[in-house]
Amino acid sequence: MNKRVSMLFTIAAVAVMGATLFGSTYTQTQIAGQSLDSSKLDVNVMDQIRNMGGLQLVMPQAFAETDCGALEQTGRNVVEFNLTGVSVELPIMGGKTYNAMTFSEQVPGPTLRVTQGDVVKMTLTIPDDEVTGHGNDMHASQMSASNFESVNPGETSQYCYIAESAGVFKYHCSGVKLIGMDQHVLSGMYGIAIVDPVNGYKKLMVEKTKVNPAGKVSLDRQFYDADALEFQLQYNQLYLTPEGNYDAGAMFKHHNTATVVNGMQFGYVPNMAHNLLVNGDVKKNIFVAQPWNGLEHKQYQSQLLFVENDQHVRLFIENQGDEPVFFHIVGEILDRVVQGNRVQSAATETWLLGGSQGMIVDLVFDEPGAYAAVNHDYAAIYTGAATVFVAGDPFGLNPVLVEKGVIQAPVASYAYALGNPSDAVPPMGANSIAHPALNIHGLMTDEVASEMQASGDYVALWEVIPVVAEILTS
Ligand SMILES: [Cu+2]
């Protein structure tokens, strides 16, 4: 095994506007997931807003302080968050591309991670050659996007706020003075801010049972340290014409063309390396749908999410879309659900997230196995919302990997041999357990992927897989 491979393996306010514009029926249909009859919609209202030059702020004094100079002098930690608004072409399942709008050439945009009480200094830059202006609305702030307005091509603008509330919060483009906001967001201009509690996360209690020699069953509570292995999952839909353009008509009818998790349909399912390890053949698929299975997909090639058994896992989840997310993990129970830094539920099977709603799920995978995290809406599952976690060593690969020299000794999860996908892993926080290795993965341009590769912090799996295949078949 050559040195390089060895090294790689050992490192191994907007919703209100919608309701106002379209009446309460709009909100109702969001929850029910039903179609809106767009023929009954007064489309003139959109024209009128456009003719007015967008929705202008008429009472600026009503909004919170956003003066960066003043907030930077408060003695608080200041975190800079720099975004670029760029339109790019990105791939979709089936070999086509679509006209995406992005923050910093990736979908979702970069994740901001701060601690409760920090000052966030958000700067949005729009390049000269960008086709449209863009805005930014961070739900972790308590100011209106209309206060920030929008940024024209060739311009930069910023605002500051104190991240006062802990949790997971959406951020998104607010269009050009709210015009085209639906198009910009549903074409890719969204992301999350994670605001860690100032006192850190709480340890996790998992309630089990035990039986004593007399046959009496009693509770056996198990506690896990606050430190956890973390992932981020953002749910959304694509509404596209056959040419890959945004289809507003389809959006108003809630007729989405794809369900995406972190921007991709079926982005976290097995690939050819997993086929080889489990089935002995790169072409023998081990999962029903493997649309991103070839090396030619590079950063888009699907990957799995690897965790250890009996390990505290923390998931940051956000519903970025127009449809409800019924979050469920096949074969697991969600040990704890936290929203707004308050426990909402424990030992629950499924938790519902409406549009622009986030949560933190804490859980422990008890048994070795492959577990699919889904939006338990059958239409969503079959159009892309199936994400596979693999816990422990369910395929009994440790002896093979050790024998072939891929790893030195048996490992607690395949992440020690194969790493985890970069786009599913948020930046480190105070209670984060570091992943053994991170691979370049996600809906990002080749330029972003190249920069990540040049940084030396990530593994380019498409370069490693052929070497692994050679080792395993030798
Ligand atoms: Cu935009």
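Quantities reported herein were computed from a predicted structural model and do not represent experimental measurements.

Calculation criteria
- Residues numbered from 1 in each chain as written.
- Predicted model: local features only at pLDDT ≥ 70, side-chain atom pairs only at ≥ 80, totals over all residues.
- Heavy atoms only, no water.
- Helix = DSSP H or I, 4+ residues; strand = E, 2+ residues; numbered from the N terminus.
- Buried < 20%, exposed > 50% of the residue type's maximum accessible area, 1.4 Å probe, protein only.
- Areas by Shrake-Rupley, 256 points an atom, 1.4 Å probe, with all protein chains shown as cover.
- Pairing = 2+ DSSP bridges.
- 1 Å grid on protein atoms, 1.4 Å probe; cavity = no way out; pocket = protein on both sides within 12 Å on 5 of 7 lines; lining within 4 Å.
- Points joined across faces, edges and corners; volume = space filled by probe spheres on them.
- Nonpolar A, V, L, I, M, F, W, Y, C, P; charged D, E, K, R; others polar.
- Donors = N, O, S within 2.8 Å, 3.2 Å for Na, K, Ca; no water.
- Tetrahedral: all angles 85-135°; square planar, octahedral: opposite > 155°, others 65-115°.
- Axes fitted to C-alpha atoms, helices over the stretch in contact; angles between N-to-C directions.
- Contact = heavy atoms within 4.5 Å.
- Polar contact = N/O pair within 3.5 Å; in protein donor to acceptor, adjacent residues only side chain to side chain.
- Salt bridge = Lys/Arg side-chain N within 4 Å of Asp/Glu carboxyl O.

Draft legend 1. Spatial organisation of the overall build of the protein. Per the secondary structure count, the protein includes 14 helices and 26 strands. Counting only residues that meet the buried cut, the protein has 53% of its 474 residues in that class. In the form shown here, the protein has an accessible surface area of approximately 20400 Å², with 52% of it arising from carbon and sulfur atoms.

Draft legend 2. Spatial organisation of the pairing of strand S17 (residues 334–339). The element S17 is largely enclosed, with a buried count of 6 among its 6 residues. Alignment of S17 against strand S18 (residues 342–348), held across 5 bridges, turns out to be antiparallel. Bridge assignment links Val337 to a residue of S18, and that residue is Ser345. Hairpin remark: S17 followed by S18, antiparallel, with 2 residues in the connecting loop; positive phi at Gly340, about 60 degrees.

Draft legend 3. Looking closely at the layout of surface pockets. Reported here for the second largest pocket is a volume of approximately 480 Å³. As for the second largest pocket, its lining consists of 24 residues, of which Gln106, Ser422, Val425, Met452 and Tyr458 are closest to the centre. The set of elements that each furnish at least two residues to the lining of the second largest pocket consists of strand S3 (106–107), strand S12 (228–238), strand S26 (443–444) and helix H13 (446–455). Per-class residue counts for the lining of the second largest pocket are 14 nonpolar, 9 polar and 1 charged.

Draft legend 4. Seen up close, the coordination of the copper ion. Taken together, His134 (ND1), Cys173 (SG), His184 (ND1) and Met189 (SD) make up the protein donors of the copper ion, found 1.9 to 2.7 Å from the metal. Each of the 4 donor atoms bound to the copper ion contributes to angles spanning 83 to 136 degrees, and the resulting shape is irregular. All donors of the copper ion come from a single chain, and their spacing in sequence reads H-x38-C-x10-H-x4-M. With His134 in the loop between strand S5 (119–125) and strand S6 (137–138) and His184 in helix H7 (residues 181–186), this residue pair connects regions lying 50 residues apart in the sequence. The same class applies to His134 and to His184, which are both buried.

Draft legend 5. Region of the structure containing the sheet that holds strand S19 (residues 350–353). If you trace the 5 strands from one edge of the open sheet to the other, you get S14-S22-S21-S16-S19, paired in mixed fashion. Two strands close off the open sheet at either side, each with one partner strand: strand S14 (305–307) and S19. The mean inter-strand angle of the sheet, taken between neighbouring strand axes irrespective of direction, is 20 degrees. Pairing of strand S16 (residues 325–329) with S19, which is carried by 4 bridges, proceeds in the antiparallel orientation. Paired with Phe326 across the two strands is Leu352, which belongs to S19.

Draft legend 6. Broad picture of helix H9 (residues 272–279). H9 sits mainly inside the fold: 6 of its 8 residues count as buried. Those residues of H9 not exposed but buried are Met272, Ala273, His274, Asn275, Leu276 and Leu277. Where H9 is buried, its residues touch S14, helix H11 (398–403), helix H12 (415–418) and helix H14 (461–473). If you check the start of H9, you find a side-chain oxygen 2.8 Å away from the backbone N of Ala273, and it comes from Asn271.

Draft legend 7. Focus on the environment of Ser413. Relative to the helices and strands, Ser413 is located in the loop between H11 and H12. You can call Ser413 buried: its relative accessible area is 2%. The spatial distance from the C-alpha of Ser413 to the C-alpha of Asn398 is 9.3 Å, given a sequence separation of 15 residues. Here Ser413 is in contact with Phe306, Val307, Glu308 and Gly392, once residues within four sequence places are set aside.

Draft legend 8. Region of the structure containing the environment of Asn293. By the secondary structure assignment, Asn293 is in the loop between H9 and S14. According to the relative accessible area criterion, Asn293 is buried, its value standing at 15%. Separated by 10 residues in the primary sequence, Asn293 and Lys283 place their C-alpha atoms 8.9 Å from one another. Those residues within four positions of Asn293 in sequence are excluded, and the remaining contacts are Pro270, Asn271, Met272, Asn275, Val282, Asn285 and Gln301.

Draft legend 9. Quick peek at the pattern of salt bridges. Applying the stated criterion to the full structure yields 8 salt bridges. One salt bridge in this structure joins Asp362 and Arg314, with 3.6 Å as the shortest N-O distance. Of this pair, Asp362 sits in strand S20 (residues 357–364) while Arg314 sits in strand S15 (residues 312–319), placing them 48 residues apart in sequence. For Asp362, a relative accessible area of 1% corresponds to the buried category. Judged by its relative accessible area of 0%, Arg314 is buried. In this structure, Asp362 engages Arg336 in a salt bridge whose closest nitrogen and oxygen atoms are separated by 3.3 Å. One end of the pair, Asp362, is in strand S20; the other, Arg336, is in strand S17, with 26 residues separating them in the sequence. Residues participating in the shared-partner salt-bridge network are Arg113, Asp196, Glu230, Arg314, Arg336 and Asp362.

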